[in-house]
Amino acid sequence: MPTCAICGIPTEHKCTNCNQTFYCGKVHQKQHWLTHKVDCRPFKVEHSDQLGRYLVATRSIKPFEIILKEAPLICTPSQVTSPVCLGCLNGIEPSDYIDCENCGWPLCGIECKGKPEHEVECEFTVKRGSKVSVKEFTNPHPLYQCMGTVRCLLLAKKDPEKWKVFSELESLEKLRRGSMQWKADLESIGKFIPRFFKTTDFSEDLIMKTVGILQINGHEVPVTDPPHVAIFKNASFLEHSCHPNLAKSFTKDGHLILWAPKTIKRNTHLSICYSDAVWGTQERQQHLMHTKIFKCECERCLDVTEFGTNYDGFKCTTPDCIGVILPSSLKEWNSKWRCSTCGNHVDISFIKDILEKAGKDLNPMTRTADNCIKYIQNYQKWLTNRHFYICQAKIQLVQLIGTDPKELMTVPEDKLNLKLEYCKELLDLYEKLAPCEIRMLGTFCFELHSAIAEHTRRVALKTSLSPKNMLEESLLYVDKCINYLQHECDIFVEGHILKQAKINRDALRMVLVM
Ligand SMILES: [Zn+2]
Ligand SMILES: [Zn+2]
Ligand SMILES: [Zn+2]
Ligand SMILES: [Zn+2]
Ligand SMILES: [Zn+2]
Ligand SMILES: [Zn+2]
């Protein structure tokens, strides 16, 4: 039988938040709270040979519940970056910066001089005997490729406790060794650090293991411009899924918030998406293999229809057949594609040609509503209505039609209808496919709410009625938007949308009670 955390008496009563710590009663629970609150979380860390460490929900988690707020273990510049200030990790303004008087690394200004973040690497640079000189600020700078690794290596000296946690994280060194990326990293980091910093403090093996830990566990944190990379201890234990159950948000100071957009049942593995859930299966698979060295076999990847959305599907080429052409299985992605209705096989080179053209036409396209519409009309000849390339054009389109409220008032009727139709379609699709892409979902809800409000205004003008059910629908989506974006801070576009959404919600509520 479990025992009370304070007095050791056998007891069945436990803390209802984490379901993991037991108490004889309220008195001892209260007494223990200050100690317990640090570990009181609705999940636990488990271990298996196949997954390594992973997180499991210890109770049912409610929609929108935060399960973890975590400060970074360490923040570093990205491996590929134009010069950034080593004090605050923001980009260097070529016309307005200073060089650190000790080591020569550029800093954004006087306010970042002597910041503790830069202290240890400043000393480390001074030891090389001559100052660093950075004069080119617009392109990715080769010197910065090693700085993330240097910062992590120096953690051993700066904060041994944090270094211990860091060095025990997964590096996948054995799998990475010998790959193209690994060979490039060996030159630009592994061999470079001892040579450039004139140091024998770190072995090549230790440097390469550190590179691995940083690449496998690093999160891109968009609170600086350009984004930096941070390691979060608990989040490092999360599994990847292309259909995850946790959403990520960041506070102004770069802390990670993990929360559940939908209910998570007890004993479910917790997951986030390490790739981009808006990409097609092939793109996600390649990206994960390249950056995290594994073949994803999540429930979405194994289901070639991606939950019936046919997100990677082609229209069948047999006359009058309305079936969808897809690979027979994830394994046969590069060989067999066929129609599930008529059985028609299609040559893989046909699929690859069209996908290549669709990608090439989309990326450099000038972003106008008419170009998006043309693109959709053209590629709908081959691709399903919910194909990821078609959807990428639709995502742009809904944001290009009536970008601000004034513009929306002058949008022609047919375009407003298109915006309404595609917003609903995209919201419905991605709530199924990528329920944790909360910034995108929140933005669709906002766009949809404003399109419905504008449609309502036009109906009211024509008929001099005020259609209550339409206003209620608009309110429904603005409420949804606020739910999705509730943790976004105002340094992000989505934080601004959240602010506006709250204003619009209050205004709509006022109108509805009148
Ligand atoms: Zn007790
Ligand atoms: Zn607890
Ligand atoms: Zn700075
Ligand atoms: Zn310095
Ligand atoms: Zn997957
Ligand atoms: Zn067919």
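Residues numbered from 1 in each chain as written. Chains lettered and ligands numbered in written order. Predicted model: local features only at pLDDT ≥ 70, side-chain atom pairs only at ≥ 80, totals over all residues. Heavy atoms only, no water.

Trainee: Would you explain the side chain of T384 in this entry?
Mentor: Its location among the elements puts T384 in the loop between α13 (369-379) and α14 (388-400). When its relative accessible area of 8% is taken as the criterion, T384 is described as buried. When near neighbours in sequence (up to four residues on either side) are disregarded, T384 contacts N310, G313, F314, K315, V324 and I390. (Helix = DSSP H or I, 4+ residues; strand = E, 2+ residues; numbered from the N terminus. Buried < 20%, exposed > 50% of the residue type's maximum accessible area, 1.4 Å probe, protein only. Contact = heavy atoms within 4.5 Å.)

Trainee: Honestly, the coordination of the zinc ion (ligand 4) in this entry has me stumped. Any pointers?
Mentor: For a metal bound by four donors in tetrahedral geometry, the ideal donor-metal-donor angle is 109.5 degrees, whereas six donors in octahedral geometry ideally sit at 90 or 180 degrees. Bound to the zinc ion (ligand 4) on the protein side are C100 (SG), C103 (SG), H118 (NE2) and C122 (SG), at distances that span 2.1 to 2.3 Å. For the zinc ion (ligand 4), the four donor atoms in the first shell make angles of 101 to 119° at the metal, so the coordination geometry reads as tetrahedral. Of note, the donors binding the zinc ion (ligand 4) are all from one chain and are spaced C-x2-C-x14-H-x3-C. Of this pair, C100 sits in the loop between β5 (98-99) and β6 (106-107) while C122 sits in helix α2 (residues 116-126); the two residues are 22 residues apart in sequence, bridging distant segments of the chain. Assessed through its relative accessible area of 6%, C100 is described here as buried. Given a relative accessible area of 7%, C122 falls into the buried group. (Donors = N, O, S within 2.8 Å, 3.2 Å for Na, K, Ca; no water. Tetrahedral: all angles 85-135°; square planar, octahedral: opposite > 155°, others 65-115°.)

Trainee: Would you mind showing me how to read the sheet that holds strand β13 (residues 314-315) here?
Mentor: Strand pairing in a sheet relies on backbone hydrogen bonds, with the paired strands running either antiparallel or parallel. On the basis of which strands lie adjacent, the open sheet formed by four strands has the order β13-β14-β15-β16 and antiparallel pairing. The open sheet terminates on both sides in strands that have one partner only, identified here as β13 and β16 (345-346). (Pairing = 2+ DSSP bridges.)

Trainee: Any chance you could explain the pattern of salt bridges here in plain terms?
Mentor: Opposite charge on two side chains permits pairing when their charged atoms draw close. What the rule picks out here adds up to 31 salt bridges. The residue K252 makes a salt bridge to D490 at a minimum N-O spacing of 3.3 Å. A residue pair is termed long-range when its members are at least 10 positions apart, and K252 in the loop between β10 (247-250) and β11 (256-259) and D490 in the loop between α18 (468-485) and α19 (493-513) qualify at 238 residues. For the salt bridge of E473 with K424, the shortest nitrogen-to-oxygen distance reads 3.3 Å. One end of the pair, E473, is in helix α18; the other, K424, is in helix α16 (residues 413-433), with 49 residues separating them in the sequence. Overlapping salt bridges, with partners in common, bring together E173, R176, R177, D185 and D205 in one network. (Salt bridge = Lys/Arg side-chain N within 4 Å of Asp/Glu carboxyl O.)

Trainee: Even after reading the chapter, I still don't get the coordination of the zinc ion (ligand 3), so can you show me in this structure?
Mentor: The protein atoms donating to the zinc ion (ligand 3) are C85 (SG), C88 (SG), C108 (SG) and C112 (SG), with metal-donor distances spanning 2.2 to 2.3 Å. In this structure, the zinc ion (ligand 3) is surrounded by four donor atoms whose angles at the metal cover 101 to 113°, and the resulting shape is tetrahedral. Donor residues binding the zinc ion (ligand 3) come from one chain and are separated in sequence as C-x2-C-x19-C-x3-C. With C88 in the loop between β4 (74-76) and β5 and C112 in the loop between β6 and α2, this pair connects stretches of sequence that are 24 residues apart. For C112, a relative accessible area of 2% translates into the label buried.

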